[in-house]
Amino acid sequence: MTRHERFANTYAHTTTKILISMKNKIILVNPPYQYFSAKNQLNYNRPPLGLLYIAASLEKNLKINVDVLDAYAENLSAAEIKARLKNYNIIGFSVTTPTAETVKIICQEIKRENKSAFVFVGGPHITLCPQSLAAAADCSIIGEGEITICAVLKNYLQGGTNYNISGAFLNINGKIIQNRPRAYCQNLDELPFPDRTKIKMNTYNHVFNYGVASHRFTTLLTSRGCAYNCHFCASQKLWGTVRRRSAPNVLAEIKQALDQGYQLIFFDDDNLLENRKYLNELCRHILAEKLKFKWICHARIADYPPRLLQLMRQAGCVEVQIGVESFNQKALNAINKKINVQHISACIKNFQKHKINVWATIVVGLPEDDEDSFKTTVRKLIKADPFYATFIMLFPFPGTQIYEQYKQQHLLERVDYAGYSWHDAPVFHTPKLSTQQLNKLRRHAYLKFYLRPASLLKYLFAAIKYNMYKDIFLNFVRFLYFTPASRQD
Ligand code: B12
Ligand code: SF4
């Protein structure tokens, strides 16, 4: 009887010693969008931080070796992934909504070819839709995975008799055992740092390297959760309330990352600027300890005091990414964005005055937008002149309020999101705009924003300054010409 069959049968087997044999090889996989072909269209990538946290927790708590495969960053197809998984029998996948179908098929194939393999899944899609892969995998981890996966794998490796593990759905011979959710980790300082040695440093890059060596880019979280609840975002469902790590704990991780050779860090918190006192403290520590690196973070539109922006710049901040979403107040109100359009331009200028570049994102397909209001947004954005902008098609993800709203209004064209990627055609229309119009508007926005002499000059200077001709040129071409939906109108 295999270990998996033992796990799947309810006979008592108590051993306290964890059975790690040469036969048990564990790997965690960040999957690609599409089953047959890889389809990662951008030439910048951020590391799969969730998997690096999981790997570090397993190694610390169970003293086992874990490998990580970032098939998304490496652009691997399912066949290539399966070849890379050949020697592993305990396999975990991180799942987002667009990758769920691919993971489902791969899980089923692994189980068909190797009945004794133990396959588990976790990630945002599993947290939002816990049933979705419950039958395809042996175990689905809901919510924060660090503690739950250690409990699951410890039980499995010991022979498997405990099915009462909070945060896990277990598939026992086709019967799904749904355990209650696990409480969020309240003291994030207790978690081991994500293990960045598990991935290939040269697979990750940001659009601009800001003068640091290429591929020395990583992400880091100082907190989990967001205080807001925008209707198109699942943050509160994924993370609950905001929890923050202590500044010394964050500093220790920064130092570790710098020792590993990283020079550009993206603080991927939902909003690092929310707690100004904390940010102030973090910046002062960075300066006091003379830590030399450049950094990026997410921010919201607000009236920030110049002293804070000065301090951020001194501490190495070079870019903030801001979800502007729209210059139409009605559209912003309809998604509960809680920002005032009057503040947008001033906020962008304020950052840039302090030599912090703004990367603004605009959403195409908000409920209250029509052609005129969207074009006005593009015009006003150009006037505000952020360094960079992306025009992202709204994506009504299951688990978000906008999904429920568009579903009720029969606006969803398809609910199967398999393989959906950044620049694909919209999966919906709005009361005011058809899918074709949405596509046209996105293309209009890109062309208007990027094909301006001022803009072209700006990127040419950046390309010279940061020695990034190839990357900048490639991104340009991808955005303007090779994005399939942009060409479908
Ligand atoms: C960085 C980032 C990216 C990066 C890289 C992501 C990556 N992992 O490779 C890039 C820019 C490439 C990206 C792309 C996209 N992203 Co993104 N991204 C993020 C962001 C901002 C941070 C991710 C992160 O590091 N989180 C921190 C870690 C600790 O959390 P985590 O990964 O969720 O992992 C924890 C648990 O989920 C769980 N877990 C996760 N994986 C696994 C696996 C196993 C086996 C187990 C046991 C547990 C487990 O345990 C982890 C530790 O507690 C999040 C927002 C957020 N705050 O999380 C959005 C987020 C993940 N992205 C999202 C989206 C929508 C996308 C895109 C679809 C955008 C698009 N329109 O194309 C693509 C999809 C890419 C893909 N491959 O599927 C959504 C996902 C929603 C959903 N329903 O799936 C999020 C949640 C944003 C949001 N608030 O809506 N993204
Ligand atoms: S979009 Fe940003 S501000 Fe809004 S809920 Fe999500 S993370 Fe928070």
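Note that residues are indexed from 1 along each chain, following the sequence as it is written. Whichever chain is written first is A, and whichever ligand is written first is 1; the rest continue in order. In keeping with the model being predicted, local features are shown solely for residues with a pLDDT of at least 70 and side-chain atom pairs are shown and tallied solely at 80 or more, while totals for entire chains, interfaces and linings include all residues.

## Regarding the packing of helix α3 (residues 78-85) against helix α4 (residues 100-113)
- Two numbers describe how α3 lies on α4: the axes approach to 11 Å, and their chain directions differ by 45°. Relative to α4, the element α3 is oriented oblique. When the axes of α3 and α4 are compared, the crossing they make is right-handed. Across the interface between the two elements, Ala 78, Ile 81, Lys 82 and Leu 85 from α3 touch Thr 102, Ile 105, Ile 106, Glu 109 and Ile 110 from α4.
- Lys, Arg, Asp and Glu make up the charged group, whereas Ala, Val, Leu, Ile, Met, Phe, Trp, Tyr, Cys and Pro make up the nonpolar group; the residues left over, Gly among them, are polar. Looking at the contact of α3 with α4 residue by residue, the classes come out as six nonpolar, one polar and two charged. The axes are straight lines fitted to the C-alpha atoms, using for helices just the contacting stretch, and the angles between their N-to-C directions are given from 0 to 180°. Helix and strand assignments follow DSSP, with helices taken as H or I runs no shorter than four residues and strands as E runs no shorter than two, numbered in order from the N terminus. Between 65 and 115 degrees an angle is taken as roughly perpendicular, under 35 as roughly parallel, over 145 as roughly antiparallel, and anywhere else as oblique. Left-handed describes a crossing in which the near helix is turned anticlockwise from the far one by less than a right angle; the clockwise case is right-handed. For every residue pair, C-beta atoms are placed from the backbone, and the pair is scored as a contact if these atoms sit within 7 Å.

## Quick notes on the domain arrangement of the chain
- Just so you know, the domain bounds were taken from an automatic or database domain assignment. Split by domain assignment, the chain resolves into domain 1 (3-178) and domain 2 (205-488).
- For domain 1 and domain 2, the distance between their C-alpha centroids amounts to 30 Å.
- Opposite the 19 residues of domain 1 that make contact, domain 2 presents 26 residues.
- Looking at the side of domain 1 that touches domain 2, the elements that each hand over two or more residues are α4 and α5 (124-128).
- It is α5 that provides the largest number of residues to the side of domain 1 that touches domain 2, a total of three residues.

## Here's the deal with the site of ligand 1
- Taken together, 44 residues sit near ligand 1, with Gly 50, Gly 92, Ser 94, Gly 122 and Gly 145 positioned nearest.
- Counting residues per element, the ones that place at least two in the shell around ligand 1 are β1 (26-30), α2 (49-62), β3 (90-94), β4 (118-122), α5, α6 (146-157) and α7 (235-239).
- Tallying contributions element by element places α2 first for the shell around ligand 1, with five residues.
- Residue assignment places the shell around ligand 1 across two domains, with domain 1 (3-178) and domain 2 (205-488) each supplying three or more. Put plainly, near means the residue's C-beta atom, positioned from the backbone, lies within 6 Å of the molecule or strand in question.

## Re the sheet that holds strand β14 (residues 357-364)
- Two strands pair under a simple rule: DSSP has to find at least two bridges between them. Spatially, β8-β11-β12-β13-β14-β15 is the arrangement adopted by the six strands of the open sheet, whose pairing is parallel. Of all the strands in the sheet, the pair left with one neighbour each is β8 (217-220) and β15 (388-393). Strand-to-strand twist of the sheet, defined as the mean angle between neighbouring strand axes without regard to direction, takes the value 20°.
- As judged from the five bridges shared by strand β12 (residues 294-299) and strand β13 (residues 317-325), these two strands associate in the parallel manner.

## Quick notes on the site of ligand 2
- Taken together, Cys 226, Tyr 228, Asn 229, Cys 230, Cys 233, Ser 235, Asp 270, Asn 271, Arg 300 and Gly 323 make up all the residues around ligand 2.
- Partitioned by chemical class, the residues of the shell around ligand 2 number four nonpolar, four polar and two charged.

## A few points about the sheet that holds strand β7 (residues 175-178)
- Strand order across the open sheet formed by seven strands is β2-β1-β3-β4-β5-β6-β7, with mixed pairing between neighbours. Each edge of the open sheet carries a strand with a single partner, namely β2 (66-70) and β7. On average, each strand axis in the sheet is tilted by 20° relative to the strand beside it, whichever way the strands run.
- For strand β6 (residues 168-172) and β7, the ladder comprises four bridges, and the chain directions are antiparallel. Note on β7: the bridge partner recorded for Asn 171 is Ile 176.
- Across the sheet, α2 is in contact with β1, β2 and β3; its angle to β2 comes to roughly 170°.

## Some details on the nonpolar core
- What we call a nonpolar core is a set of buried Ala, Val, Leu, Ile, Met, Phe, Trp, Tyr and Cys residues whose membership is set by joining through C-beta atoms within 7 Å. Partly exposed residues are those whose C-beta has more than 12 but fewer than 20 other C-beta atoms within 10 Å; 20 or more makes a residue buried and 12 or fewer makes it exposed, with C-beta atoms placed from the backbone. Formed by 133 residues in total, the largest nonpolar core has its most connected members in Ala 55, Leu 133 and Ile 265.
- No other element matches α2, which puts seven residues into this core.
- When residues of this core are sorted by domain, at least three fall in each of domain 1 (3-178) and domain 2 (205-488).
- In this structure, Ile 265 is in contact with Thr 218, Leu 220, Ile 254, Ala 257, Phe 293 and Trp 295, ignoring residues within four places of it in sequence.

## Section: the environment of Phe 428
- With respect to the helices, strands and loops of the structure, Phe 428 is situated in the loop between α14 (401-408) and α15 (435-450).
- For the pair Phe 428 and Val 477, spaced 49 residues apart in the sequence, the C-alpha separation amounts to 26 Å.
- With residues near it in sequence (within four places) discarded, Phe 428 still touches Gly 365, Pro 396, Tyr 406, Leu 411, Leu 412 and Glu 413.

## Section: helix α9 (residues 276-288)
- The end-to-end C-alpha distance of α9, which contains 13 residues, comes to 18 Å, matching closely the 18 Å that a straight helix rising 1.5 Å per residue would cover.
- Every buried residue belonging to α9 is among Leu 279, Leu 282, Cys 283 and Ile 286, and all of these are buried. Across the axial projection of α9, the buried residues extend over an arc of 95°, all falling on one side. Across from the buried face of α9, at angles greater than 90 degrees, the exposed residues are Lys 277 and Ala 288.
- Contacts from the buried residues of α9 go to α8 (247-259) and α10 (306-314).
- Within two residues after α9, Lys 290 carries a phi angle of roughly 50°, on the positive side. The span one expects for a helix is its residue count, reduced by one, times 1.5 Å. The arc in question is the one traced by the directions running from the helix axis out to the C-beta atoms.

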